[in-house]
Each structure stands twice: as structure tokens, then as C-alpha cells.
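Structural overview for review
Here are the chains, one letter per residue:
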Amino acid sequence: MVAEYIIEAALDESCSDGSSAVGDTTNAQNGSRYYKNPTAEMLAEAEEKNMRMGGMIFIEKGSGVKRGKFLVPKTITVSQFITGGKEIDLSSADFVVPVTTIYMKDFFGGIELTVPLGVRVEEESVGFLSDTHVTKKLANADCETGPLIILKGMHILSDLSVKVNDKVPPIKIVE
């Protein structure tokens, strides 16, 4: 099953006038940004880097948490087998590629993805005896100016949760 969710800043905002419905110029310095025309260096860093998280039988690779200000890579891989949950918080991260794919192999763990308002999420994963919770805000579904995150893979006996962090400003689109 393929499901697409567009996480919007407000129900009454519109893209028809050419303005961005997913951010404004008053965003805080620490807010998330989507660079529509990134520099070659930014693109190279996002293309080369594959952020990996994982663990096996209670032994964690890394902290299990990724958050703060960083450049979101083109791919993120999460592999875990009987470990604690993994948290990926993109609330303050910067996007330079239009599509980021998160590949997951999760057995008896859990993955929590947190995004700022204005990021689109498409879930193409398969769950077996698992729960998938995705915050839906589809009022302005034809406005597709923000970056897209695609969730692929499988999760068995675990939870996949995607939520919006409404405590941070919406993603700012930088032309």
C-alpha cells in the first residue's frame, strides 16, 4: 500500500498565488530549510552521505537518536533487530535534495520520524504485526513545494510513527 501525506502549516494557506504555503521569512535561525537551488558542495554532501542507524539484540550502533541542525542526506538506512526504538528528528535539519528515502529493516524495535510543517511524507513500507501512525493534514494537498520523504522497507512487531513538530517554525523554502 502506498500512502502520501502532506504535512501543512495551516489549513487555510494557499499556493495558488505563488507564495510558499510552507514557510515565511520570519523563521528562526534554527528552523528547517529546503534549498531549491543548493550549492554543488551541499548537493555532493547529501548525495555521498548515507546516514546509518541500527543495532542488534540490545547493542546500539550510535545513540539511536538523530536530531539538531544537519544536512539531510539523500538516503537514510535504519536496520535494527531487538533493540530500542530509533528517533529521527528532522525538525531543524536542512534539505537540499527534493526526495529523501528512508530504508528500514526493523524487527521488534520502532522508528519515530519527526518532521517540521511543510514536509511531505510518502509511506511505502510493509508492516507485519506492527502499527503505523502517520499524522495526516491534507487540507491543501495540491501544494507540493516542500521536500518529500519516502519510507520504504519493512517493520515486524514494531511501531512506525511519523509526527509533526509544531513547536518549531514551518520549513522555509529558500529559492
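For the structure given in this document, a descriptive report is provided here. Starting from 1, residues in each chain are numbered consecutively following that chain's sequence as written. It should be noted that, the model being predicted, local features are given only for residues of pLDDT at least 70 and side-chain atom pairs only at 80 or more, the latter also being counted only at that level, while totals for whole chains, interfaces and linings use all residues. Just so you know, side-chain values use all the structure's heavy atoms and leave hydrogens and water out.

A few points about the pattern of salt bridges
Take a side-chain nitrogen of Lys or Arg and a carboxyl oxygen of Asp or Glu: if they are within 4 Å of each other, that pair is a salt bridge. If you walk through the whole model with that rule in mind, you get four salt bridges. In this structure, Asp94 and Lys69 form a salt bridge, with 2.9 Å as the shortest nitrogen-oxygen distance. Of this pair, Asp94 sits in strand 8 (residues 94–95) while Lys69 sits in the loop between strand 5 (65–66) and strand 6 (75–81); the two residues are 25 residues apart in sequence, bridging distant segments of the chain. Residues Lys163 and Glu112 are paired through a salt bridge, measuring 3.2 Å at the closest nitrogen-oxygen approach. One end of the pair, Lys163, is in strand 14 (residues 159–164); the other, Glu112, is in strand 10 (residues 111–115), and 51 residues separate them in sequence. Labels follow the DSSP assignment, with helices taken as runs of H or I lasting at least four residues and strands as runs of E lasting at least two, numbered in each case from the N terminus.

Some points on the side chain of Ser161
Within the fold, Ser161 resides in strand 14. When its relative accessible area of 19% is taken as the criterion, Ser161 is described as buried. In this structure Ser161 touches Ile111, Glu112, Leu113 and His133, once residues within four positions along its chain are discounted. Buried means the residue's accessible area, taken with a 1.4 Å probe over protein chains only, is under 20% of the maximum for its type, while exposed means over 50%, and partly exposed covers the values in between. What makes two residues a contact is simply this: any of their non-hydrogen atoms within 4.5 Å.

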